[in-house]
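# Understanding the architecture of this molecule
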Amino acid sequence: RELQRKSSAPCYPFSKSYTPATEDFARWENLDRKSEEYKDLKEERSSYLWKVLEKIIPDIKSRKTVVQVGTPLTHQRFLRRYQGSYGPAIRADEGSFPFPLTPVNGLLVCGDSCFPGIGIPAVAGSGILAANSVSFDSLKPQLELLEKLTTA
């Protein structure tokens, strides 16, 4: 236990904050990611989130250790998203994220465009919903198999 305590990295709180990817891509598409114009726009566009966080944690900017700001170009490059967007553009007063079932028999969907939405936990949840939508009768045998494998 003493060795574990000494070798552990320091613990830091973590915050992942984002706004919907509804920004006009034209504003970003011709920018060089290494340019000052790009860096300035990232700073400008992320300032809203900082202001919101500072209402809850006033000194958050002075306490940060690592900051990574994603942009539509980031999402296009690393997530291979068309024009850097992700998730559906659904107004809260007009609907919600769709569930895994589709009009095509046997075709299910999952990911950030389905319920429960964007973000790693939500996407994982949508995968679980899709897997369990195959057959609700399959859940018990799956759990029994997992139990058998973990006790073997």
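Residues numbered from 1 in each chain as written. Predicted model: local features only at pLDDT ≥ 70, side-chain atom pairs only at ≥ 80, totals over all residues. Heavy atoms only, no water.

## Here we look at the side chain of His75
- Inspection of the secondary structure assignment puts His75 in helix H4 (residues 72-79).
- The buried category is assigned to His75, whose relative accessible area is 16%.
- Once you skip the residues sitting within four places of it in the chain, His75 turns out to touch Gly70, Arg80, Arg81, Gly84 and Tyr86. (Helix = DSSP H or I, 4+ residues; strand = E, 2+ residues; numbered from the N terminus. Buried < 20%, exposed > 50% of the residue type's maximum accessible area, 1.4 Å probe, protein only. Contact = heavy atoms within 4.5 Å.)

## Some details on H4
- Listed in full, the buried residues belonging to H4 are Pro72, Leu73 and His75. Within H4, the buried residues cover an arc of 165° as seen down the axis, which keeps them to one side.
- Looking at the buried side of H4, the elements it contacts are helix H2 (36-56).
- Just downstream of H4 lies Arg80, where phi reads positive at about 55°. (Arc of directions from axis to C-beta.)

## Here's the deal with the packing of aromatic side chains
- Applying the stated criterion across every chain, the model contains two aromatic pairs.
- When the ring of Trp28 is compared with that of Tyr38, the centres are 5.7 Å apart and the planes differ by 80°; the resulting orientation is edge-to-face. Taken together, the residues span a long stretch of sequence, with Trp28 in the loop between helix H1 (2-7) and H2 and Tyr38 in helix H2 at a distance of ten residues. Here Trp28 matches Tyr38 in class, with each residue buried.
- Relative to Phe115, the ring of Phe99 lies with its centre 4.7 Å away and its plane at 25°, an arrangement referred to as stacked. Of the two residues, Phe99 is situated in the loop between H4 and helix H5 (120-133) and Phe115 in the loop between H4 and H5; the sequence distance between them amounts to 16 residues.
- Looking at Phe115, the relative accessible area reads 33%, which means it is partly exposed. (Phe/Tyr/Trp six-rings, centres within 6.5 Å; stacked < 30°, edge-to-face > 60°.)

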